Amino acid sequence: MIVHTTIDSPVGPLLLAASDGGMHLIEFHTPRHPMRRDAGWHEGDNALLRMARRQLEEYFAGERRQFELPLAPQGTAFQCEVWHTLAAIPYGETISYAQLAQQVGKPSAVRAVGAANGRNPLPLVLPCHRVIGSDGSLTGFGGGLPTKQFLLQMEGALPASTDLFGA
């Protein structure tokens with residue numbers, strides 16, 4: 001059984017979902033690739049969701065740089081390999097999609113790596129927002145580019161004066 005709840009955050013409401021096996025989902029309010037829910041999903045709370053809520057609050061307060069949660073993302077073997085690699089990107093740093101593809105051991109599969117990155121069910125914990133274009137551009141993010149910019153600025157990976165939208 002998967003239990004889910006919604007929490008408030010500086011980037012809008014986040015849906016958290018977990019089972020006894022670990023965290024399954026952190027989903028932004030308007031996800032590009034929403035996870036399918038079935039009859040095994042129930043609204044509620046449990047110790048793991050409370051732990052995730054506390055760690056996310058600490059992250060947004062600038063008090064946490066790494067998450068310590070049991071994870072249970074559902075995906076293909078290739079997707080899981082990409083998601084596992086995301087966890088190694090240090091707080092406050094970015095890498096390109098090409099670098100991520102190299103780290104996964106598939107340097108010619110940049111598009112496939114980008115697609116797997118875009119389907120990450122545990123953003124923030126598996127920091128897909130730290131993956132950027134080879135030219136330094138902020139490309140694609142399930143939470144939207146303003147959220148990606150906010151997170152990278154909060155972590156110090158982008159100067160606060162960076163204006164993605166040229167306003």
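Structural data are supplied above this passage.
Quick caveat, the model's predicted, so the values are computed rather than measured.

So, how was this worked out
Along each chain, residues carry numbers from 1 onward, in the same order as the chain's sequence is written. Local features in a predicted model are, by the rule used here, given only for residues with pLDDT of at least 70; side-chain atom pairs are given and counted only at 80 or more, and totals for whole chains, interfaces and linings are based on all residues. Note: side-chain values were computed over all heavy atoms of the structure, leaving out hydrogens and water. Lines are fitted to the C-alpha atoms to define the axes, a helix being fitted only along its stretch in contact, and any angle between axes, read from their N-to-C directions, falls within 0 to 180 degrees. Secondary structure is summarised from DSSP: a helix means a run of H or I of at least four residues, a strand means a run of E of at least two, and numbering begins at the N terminus for each. Here is the rule for angles: anything less than 35 degrees is roughly parallel, anything more than 145 is roughly antiparallel, 65 through 115 is roughly perpendicular, and the remaining ranges are oblique. Contacts are assigned to residue pairs that have any heavy atoms within 4.5 Å of one another. Each residue receives one of three labels: charged for Asp, Glu, Lys and Arg, nonpolar for Ala, Val, Leu, Ile, Met, Phe, Trp, Tyr, Cys and Pro, and polar for the others, Gly being one of them. Being paired, for any two strands, means DSSP has found at least two bridges between them. Think of a nonpolar core as a cluster: buried Ala, Val, Leu, Ile, Met, Phe, Trp, Tyr and Cys residues, connected wherever their side-chain atoms sit within 4.5 Å. When a residue's accessible area, from a 1.4 Å probe over protein chains only, is under 20% of the maximum for its type it is buried; when over 50% it is exposed; and in between it is partly exposed.

## A word on the packing of helix α3 (residues 97-104) against helix α4 (residues 110-118)
The geometry of α3 relative to α4 is characterised by a closest axis approach of 9 Å and an angle of 95° between their N-to-C directions. In terms of orientation, α3 lies roughly perpendicular with respect to α4. Of the residues in α4, those in contact with Tyr97, Ala98, Leu100 and Ala101 of α3 are Val110, Val113, Gly114 and Asn117. The residue inventory of the contact of α3 with α4, partitioned by class, reads six nonpolar, two polar and no charged.

## What to know about the sheet that holds strand β4 (residues 41-43)
On the basis of which strands lie adjacent, the open sheet formed by four strands has the order β3-β2-β1-β4 and mixed pairing. Looking at which strands have only one partner, the edges of the open sheet turn out to be β3 (22-28) and β4. Within this sheet the neighbouring strands show an average axis-to-axis angle of 25°, counted without direction. Two elements, strand β1 (residues 2-7) and β4, share three bridges in a ladder whose sense is parallel.

## Quick notes on the nonpolar core
Within the largest apolar cluster, 37 residues are counted, with the highest numbers of intra-cluster contacts made by Leu14, Leu16, Met23, Ile26, Leu56, Leu86 and Leu100. Secondary-structure elements contributing two or more residues to this core are β1, β2 (14-19), β3, α1 (47-60), α2 (77-86), α3 and α4. When residues of this core are assigned to their parent elements, the largest contribution, six residues, is made by α1. In this structure, Leu14 is in contact with Thr5, Thr6, Ile7, Ser9, Ile26, Glu27, Phe28, Leu56, Phe60 and Leu124, ignoring residues within four places of it in sequence. Of all hydrophobic cores here, the second largest spans five residues; its members include Leu15, Ala17, Leu25 and Trp41.

In short, the description is geometric, and any link to function would need to be established separately.
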